[in-house]
Amino acid sequence: MTRYTPSEIEARWQAAWEESAVFKAVRSADKPKYYVLEMFPYPSGRIHMGHVRNYTMGDVIARYKLATGHNVLHPMGWDAFGMPAENAAMAIGGHPKDWTYGNIKDMRDQMKPLGLSIDWSREFATCDPEYYGQQQALFLDFLAEGLVYRKNAIVNWDPVDMTVLANEQVEAGRGWRSGALVERRELTQWFFKISDHSEELLSALETLDNWPAKVKLMQANWIGKSRGLQFAFSTVNAPEGHDRIEVYTTRPDTLLGASFVGVSPDHPLAKELERGNPDVAAFCAECRKGGTTEEAIETAEKLGFDTGITVRHPFDTAHELPVYIANFILMDYGTGAIFGCPAHDERDFEFATKYGLPIISTYLPSEDSAEVLEEAYVPAKTDKVFYNRGFAGEQWQTGNEAIDAAIAFCESNGVGQGVTKFRLRDWGLSRQRYWGCPIPVVHCDTCGVVPEKKENLPIELPYDVSFDTPGNPLDRHPTWRDCACPSCGAPARRETDTMDTFVDSSWYFARFTAPDADTPTVMEDASYWMNVDQYIGGIEHAILHLLYSRFFARAMQITGHLPESAVEPFDALFTQGMVTHEIYQTHGRTRAGDRRGEGVPFTRYHFPEEVTQRDGKMVLITDGTEVEIVPSAKMSKSKKNVVDPLNIISAYGADTARWFVLSDSPPERDVEWTASGAEAAHKHLSRVWNLCDRIGAMDKDAKGEGDDDLLRAMHKTIHDVTMGVESFGFNAAIAKLYAFTATLQKSKASHAAQREAVMTLAQLMSPMTPHLSEDIWAHQGGEGLIVTAPWPQADEAMLVDDTVTLPIQVNGKRRAEIQVPADMPKEEVEKIALAHEAVVRTLDGAAPKKVIVVPGRIVNVVA
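Residues numbered from 1 in each chain as written. Predicted model: local features only at pLDDT ≥ 70, side-chain atom pairs only at ≥ 80, totals over all residues. Heavy atoms only, no water.

Colleague: Could you clarify how one ought to interpret the environment of glutamine 189 in this entry?
Modeller: Its place among the elements puts glutamine 189 in strand β9 (residues 183-192). For glutamine 189, a relative accessible area of 3% puts it in the buried group. Measuring from C-alpha to C-alpha, the distance between glutamine 189 and histidine 267 comes to 18 Å, with 78 residues separating the pair along the chain. Once you skip the residues sitting within four places of it in the chain, glutamine 189 turns out to touch Tyr149, Arg150, Lys151, Ala153, Val155, Val164, Ser430, Gln432 and Asp497. (Helix = DSSP H or I, 4+ residues; strand = E, 2+ residues; numbered from the N terminus. Buried < 20%, exposed > 50% of the residue type's maximum accessible area, 1.4 Å probe, protein only. Contact = heavy atoms within 4.5 Å.)

Colleague: Help me understand the nonpolar core in this model?
Modeller: Considering soluble globular proteins, one finds that nonpolar side chains tend to be buried as a cluster. Core analysis: the largest hydrophobic core is formed by 164 residues, its most contacted members being Met49, Tyr508, Phe552 and Trp673. Once residues within four sequence positions are removed from consideration, methionine 49 is found in contact with Val579, Met635, Val643, Pro645, Ile648, Ala657, Val661 and Trp673. In this structure, Val261, Leu269, Cys287 and Ile407 belong to the second largest nonpolar core, which totals 30 residues. (Core = buried A, V, L, I, M, F, W, Y, C linked by side-chain atoms within 4.5 Å.)

Colleague: Please clarify how the environment of isoleucine 439 should be interpreted in this entry.
Modeller: Tracing the backbone shows isoleucine 439 in the loop between β21 (430-431) and β22 (441-444). In this structure the C-alpha to C-alpha distance between isoleucine 439 and glutamate 452, which are 13 residues apart in sequence, comes to 9.2 Å. Excluding its chain neighbours within four sequence positions, the residues that come into contact with isoleucine 439 are Phe139, Trp190, Leu429, Ser430, Glu495, Asp497, Thr498 and Met499.

Colleague: Help me understand the sheet that holds strand β24 (residues 482-484) in this model?
Modeller: Strand pairs in the sheet, formed through backbone hydrogen bonds, run parallel or antiparallel to each other. Spatial ordering of the open sheet is given by β23-β22-β25-β24, a layout of four strands whose pairing is antiparallel. Here the strands that pair on one side only, and so sit at the sheet edges, are β23 (448-451) and β24. Along the sheet, successive strands turn relative to each other by an average axial angle of 45°, direction set aside. (Pairing = 2+ DSSP bridges. Axes fitted to C-alpha atoms, helices over the stretch in contact; angles between N-to-C directions.)

Colleague: Honestly, the pairing of strand β14 (residues 316-326) in this entry has me stumped. Any pointers?
Modeller: A regular strand places its side chains so that they alternate between the two faces of the sheet. Examined bridge by bridge, strand β12 (residues 260-263) and β14 share three bridges and lie parallel to one another. Residue valine 263 lies in a different strand from β14, and its bridge partner there is isoleucine 325. Here strand β13 (residues 304-313) pairs with β14 via seven bridges, running antiparallel. Note that in β14 the partner of glycine 304 across the bridge is alanine 326. Counting the residues between successive antiparallel strands, the hairpin from β13 to β14 contains two residues.

Colleague: Explain the pairing of β23 here, please?
Modeller: Note that β22 and β23 share four bridges and pair antiparallel. Pairing of valine 441 across the sheet is with proline 451, part of β23. Between the antiparallel neighbours β22 and β23 lie three residues.

Colleague: Whenever I open this one, the layout of surface pockets confuses me. Can you help?
Modeller: With a probe scaled to a water molecule rolled over the atoms, the places where space remains empty come into view. Estimated volume of the second largest pocket: approximately 1,300 Å³. If you go around the second largest pocket, you meet 37 residues; those closest to its centre are Tyr248, Thr250, Ile338, Asp345 and Arg347. Every element with two or more residues in the lining of the second largest pocket is listed here: β10 (225-235), β11 (244-249), α10 (294-299), β15 (337-340), α11 (346-355) and β19 (417-422). Classifying every residue of the lining of the second largest pocket by side-chain character gives 15 nonpolar, 10 polar and 12 charged. (1 Å grid on protein atoms, 1.4 Å probe; cavity = no way out; pocket = protein on both sides within 12 Å on 5 of 7 lines; lining within 4 Å. Points joined across faces, edges and corners; volume = space filled by probe spheres on them. Nonpolar A, V, L, I, M, F, W, Y, C, P; charged D, E, K, R; others polar.)

Colleague: What should I look at first to understand a negative patch on the surface in this one?
Modeller: Side chains of Glu298, Glu346, Glu374 and Glu375 sit close together on the surface and give a patch of like negative charge. With respect to the helices and strands, glutamate 298 occurs in helix α10. (Patch = residues over 30% accessible without salt bridge, like charges linked within 9 Å, V, L, I, M, F, W, Y side chains within 5 Å. Areas by Shrake-Rupley, 256 points an atom, 1.4 Å probe, with all protein chains shown as cover. Salt bridge = Lys/Arg side-chain N within 4 Å of Asp/Glu carboxyl O. Lys, Arg positive; Asp, Glu negative; His and termini not counted. Charge placed at Lys NZ, Arg CZ, Asp CG, Glu CD.)

Colleague: Help me understand the sheet that holds strand β28 (residues 573-575) in this model?
Modeller: Taken together, the four strands give an open sheet; going across it, the order is β2-β1-β27-β28, and neighbouring strands pair in parallel fashion. Of all the strands in the sheet, just β2 (71-73) and β28 have a single pairing partner and so form its edges. When strand polarity is set aside, the average angle formed by the axes of neighbouring strands in this sheet is 15°. Here strand β1 (residues 33-38) runs beside β2; their pairing, made up of three bridges, is parallel. Bridge pairing links tyrosine 34 to valine 72 in β2.

Colleague: Can you walk me through empty space enclosed by the protein in this structure?
Modeller: Taken as a whole and judged by the stated rule, the model has four cavities of 30 Å³ or more. Size it by volume and the largest cavity reaches roughly 100 Å³. If you go around the largest cavity, the residues you meet are Met83, Glu86, Met90, Asp161, Thr163, Gln432, Arg433, Phe467, Thr469, Pro470, Gly471 and Asn472. Take the lining of the largest cavity: its biggest share by element is three residues, from helix α3 (residues 83-92). In terms of residue class, the lining of the largest cavity is built from four nonpolar, five polar and three charged. Here the second largest cavity defines a volume of roughly 90 Å³.

Colleague: Would you mind showing me how to read the packing of helix α20 (residues 675-696) against helix α23 (residues 751-765) here?
Modeller: In helix packing, the relevant descriptors are the interaxial angle and the interaxial distance, both defined with respect to the helix axes. Packing of α20 against α23 brings their axes to within 10 Å, and their N-to-C directions diverge by 150°. Once α20 is placed against α23, the crossing between them reads as left-handed. Contacts between α20 and α23 involve Leu685, Val688, Cys692, Arg694 and Ile695 on the former and, on the latter, His751, Gln754, Arg755, Val758, Leu761 and Met765. Considering only residue class, the contact of α20 with α23 consists of seven nonpolar, two polar and two charged. (Left-handed = near helix turned anticlockwise from the far one by under 90°.)

Colleague: I'm lost on the pattern of salt bridges in this one. Help?
Modeller: Opposite charge on two side chains permits pairing when their charged atoms draw close. For the structure shown, the criterion picks out 35 salt bridges. One salt-bridge network, in which partners are shared between bridges, spans Glu200, Arg550, Arg554 and Glu568.

Colleague: Just checking my understanding: could you explain the side chain of aspartate 426 for this structure?
Modeller: Position of aspartate 426 among the secondary structure elements: in the loop between β19 and β20 (427-428). Buried charged residue aspartate 426 carries no salt bridge. Nearest counter-charge: lysine 151, at 5.4 Å. In this structure the side chain of aspartate 426 is engaged in a polar contact, spanning 2.5 Å, whose partner is the side chain of tyrosine 149. Not counting chain neighbours up to four residues away, the residues in contact with aspartate 426 comprise Tyr149, Phe191, Phe192, Lys193, Ile194 and Ser195. (Polar contact = N/O pair within 3.5 Å; in protein donor to acceptor, adjacent residues only side chain to side chain.)

Colleague: What's the story with the packing of aromatic side chains in this structure? I'm lost.
Modeller: The geometry of an aromatic ring pair is captured by two quantities: the separation of the ring centres and the angle between the planes. The tally for this structure, following the rule as stated, stands at 45 aromatic pairs. With a centroid separation of 6.2 Å and an interplanar angle of 70°, the aromatic rings of tyrosine 508 and phenylalanine 509 are classed as edge-to-face. Of the two residues examined, tyrosine 508 and phenylalanine 509, each falls in the buried class. Taking the centre distance of 6.3 Å and the plane angle of 80° together, the rings of phenylalanine 551 and phenylalanine 552 count as edge-to-face. As far as the burial class goes, phenylalanine 551 and phenylalanine 552 line up, both buried. An aromatic cluster of at least three residues, connected via ring pairs, comprises Phe40, Phe124, Tyr131, Trp507, Tyr508, Phe509, Phe512, Tyr535 and Phe570. When the ring centre of tryptophan 222 is taken as origin, the NZ or CZ atom of arginine 423, which lies over that ring, is 4.6 Å away. (Phe/Tyr/Trp six-rings, centres within 6.5 Å; stacked < 30°, edge-to-face > 60°. Lys NZ or Arg CZ within 6 Å of the ring centre and 35° of its normal.)

Colleague: What am I meant to see in the side chain of aspartate 504 here?
Modeller: Residue placement: aspartate 504 occurs in helix α14 (residues 501-504). An unpaired buried charge is present at aspartate 504: no salt bridge exists, and arginine 433, the closest side chain of opposite charge, is 9.5 Å distant. Not counting chain neighbours up to four residues away, the residues in contact with aspartate 504 comprise Asp79, Phe81, Thr126, Tyr131, Gln135 and Cys437.

Colleague: Is there a simple way to explain the state of the cysteines in this structure?
Modeller: Throughout this description, disulfide means a covalent bond between two cysteine sulfur atoms. If you walk through the whole model with that rule in mind, you get zero disulfides. Cysteine cysteine 483 shares no disulfide, and the gap to the nearest cysteine sulfur, in cysteine 485, comes to 8.0 Å. Residue classification places cysteine 483 among the buried positions, given a relative accessible area of 17%. (Disulfide = S-S within 2.5 Å.)

Colleague: Would you explain α23 in this entry?
Modeller: Each α-helix turn comprises 3.6 residues. Residues three or four places apart therefore point the same way. End to end, α23 covers 21 Å across 15 residues, agreeing with the expected 21 Å (1.5 Å per residue, within 8%). For α23, the buried fraction is high: 12 of the 15 residues fall into the buried class. Turning to α23, its buried residues are His751, Ala753, Gln754, Ala757, Val758, Met759, Thr760, Leu761, Ala762, Gln763, Leu764 and Met765. Lining the buried residues of α23 we find α19 (654-663), α20, α21 (707-726), α22 (730-746) and α24 (770-779). (Expected span 1.5 Å × (residues − 1).)

Colleague: Is there a simple way to think about α19 in this case?
Modeller: Across the 10 residues of α19, 10 count as buried, placing the element largely inside the fold. Those residues of α19 that sit buried are Ala654, Asp655, Thr656, Ala657, Arg658, Trp659, Phe660, Val661, Leu662 and Ser663.

Written as C-alpha cells, this is what we have:
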C-alpha cells in the first residue's frame, strides 16, 4: 500500500497546472464567462489562515465553474499603498516601496503552495506605476466631467505626524500612531462628488438580489435618506450679516418643544464671534481638539458656550431661544445648526440638564403622563404616542404621521420647506502622505489649478525621500515638487497630496479585465468580463469599500471606461466569517530604563508554537510559565494568535488546510482553528487516498454485490454536493462527502462500480482538495486533468428511492423499523407494521386503537 504524501502530490500537480496554463483567462465566445474575485489583500508581510479561508472559498467556486463549462477569470492583486508602509519606514528604516514589494513576494510565496486557481499573469499591485498611472488618468477624466472638485473642509489633523487622519484613525481623540491630540483643522481638499449619486446608490440596492440583506441595510443607513423641514430662525441681537440661522431637522414634530439653538464651532456665526471674543475663540479651539466620528461625539462630554444671542421661535415670536456654540454639532451634517428638543433627544437632554435649559414635551406615552421627564422619551417613529404640543387636530399619532403633519403645517404657514436629504457626504480623497497615488494636478500662480497632461502620466513617486522629519516628504522634495505649468510653461508646484487608498481599491476589479492596457480599461474586455459574478470578502468592508466601488463604476461608465451594464459591478456578494484562534498571553511590568517608565504593567503575547500543554495547563515551552488564554479571538499579528499556512502545509499539506477551513463551520460564520481539527482533516484525506489505493489494487474483473446501492448513493451525493457548492454551503457539501466516503469504504460492490464511485468522489472533492483529487484521478486512469473534466451529473432516476425505511412508534416510543416499497399502499404498510415481532411483543395481545401511516415518514401505533 502506498502512503498519502502531500509534499510530493501537491508540487507535482501545481507544476502540471502551470505547464498547461489551465487557469489563464482568455476571452472566448464559445463559453459563458464567470468572474470570481476575492477582496485583494494588503501586503503586510505574512498571510494567515483567515486569508486561506477567504481565497479557498473563491477557489472552490472558480474550480466548480471551470468544471461546469465556464470561461473563468480568477485574478489576484495587492492593495499596496497606505500608512503602514510609511510607519515601517519610520520605525525600522528603509523605504516603503522596498518594504511593500518584499512583503508581496513573501505573501505570494505563501499563497502559491495552496494551489489556488489564479491567473497570476494578471497580477498587479496598486503601487505599480502602471496601475496608479491609469488611476491618475481616471482622475483627470473625472475632473473634466465635474465628478471631482476642490474646497475647504474640516479635517482631523495630527499635529505630530502632520497629516490628515480618517475618522477610523482617531482613537479616543488621539492620532492612532502618534498618540497626539487630534485637532479639527480647515484645509483645502479634493473631493469626489459621490453625494450627487445618493438617490441612485440607494435605490439600486433593491436590484442587488444576491447581496446579504445586512450589507444592503448597512449601506442604506450610511446613505441615510430622510425627509425633514428646512427653515430659519430669525436672530435678535446677532452681528450684522447673521440675521438668520438655517436649520434642517428630521423631527419637525418636536419644534414646539425647542428650548435652545446650537451651532457648530465652525459655523459662520461662531467664526464671526471668535474673531472678536477671546473666550469664544478659546472655546472653539478646544472643541476642535475633539474627534469627528459620530461615536466620539456621542460619547464626549457635551460642552456649550452661551453666545448671548437669541432667536425668535417661528410660532411664538414672544418666545426667544438662546444660541449656544456646541461641541457636538458638525458643519458637515445638515446646516451646522440645530434646534434642541431635550425632551425627545438624549444628547439634547444631557446638554439642557447641564446648562439648566427648559425641557418641554411635545408628545407623551399617554394622555395622563407627567410632563416632567427624568430622561429623554424617544419612541420609534412607528409608535403611536399622545401629542400634547402637536401640529394636527388628531393627538394620537405615530412619529411619521406627526412629521408629515408638521411639514404640511409649516409650509402652509410660510415657515420653511419640506426637503429630502441624504446623510452621505462627498468623499474626501486628499491625504498628506507620501506612499499613495499622486494627484495629477499642478498649481500655477497664473493659471491656478491645472490638470497634468495625460501624455506625462504616470506622475511617479520619487524614490529619494526621507522620513526623518514628520510630515509629507513630497513637500520637501523640490526636484519633484517644482515643475512647469502644463498650460503656460511657467514655474509651478505639483500637488503634494496623494489619494486615499480607498481610491486604489475602488476600481481594481475593472483593471483586472485588461491589466496591461495603456488605458484604464479596454471596453471590449470590460464588456466581456464585467460584472464580477461572485465577490467574496469581509463584512468590515460592507460600507465604504463597496459603496465607493459602486460610485466608481458609475463614474467610469460616465467617462467611457465601463459599459452601462457595469454600473453595479458586483452581481453577487458573499461575506465570510473569520478564522479565530486562542490568544496566549502573559503579564508583567516594565523595568528601569524602559521608555514607558518603570513598573508600568504590560501584556506580552505568544505564538501558538511557543506554547504547549503540561499537566492540563497551557505553558510556555521555554520556562513553563502558565499562559492566560483568550478563546476564539480573531487572528491578529499584533496578538500573535496567527497560524502560518506554510507550517500547516509542511506538516499536513495544502489540501488539509483547505478542507479544514471549509468543513468546520458554515462559511458565513467564524471557524476556530485547532491543531486537533487539522490533524483530523489530514487523517480523513489519508483514508480517502487509502481507499483509492485499495480500489486500484482490486481485480479489474472482480464481481460484487450492491452495485445499484453504491451508485444510487453516488448520484445522491453528486446532487447534494452540487447544491452545496452552488449555495455556498461548503460545510454541508463536505458532510455529504464524509458520508459517501464511509459508504464506499463499506461497499462490497464490483471493481467497476467502486472505481466509478471513487473517481466521482475525487471530482466532487476537487474544488476543495484539488491536489489529492488529481492524484486519485490519475491513479484510476482518468483522462487528462481532473480540473478540466466535466462536472458529474446526477441521474434523476437514481435520486428516487425504490424503498423507504419507516420507523414504528408504539404510544410515542420507537420500537422498530421496516423497509417497504416507496409506493406501497397504506393498508399494506399497516399490516406489515402490526406483524413486526417487536410491535406484537409490545402490544402483548392488545388491539391497537389507531394506526397512523405517514407515507415515507413513520408509522404510529396507538395502543
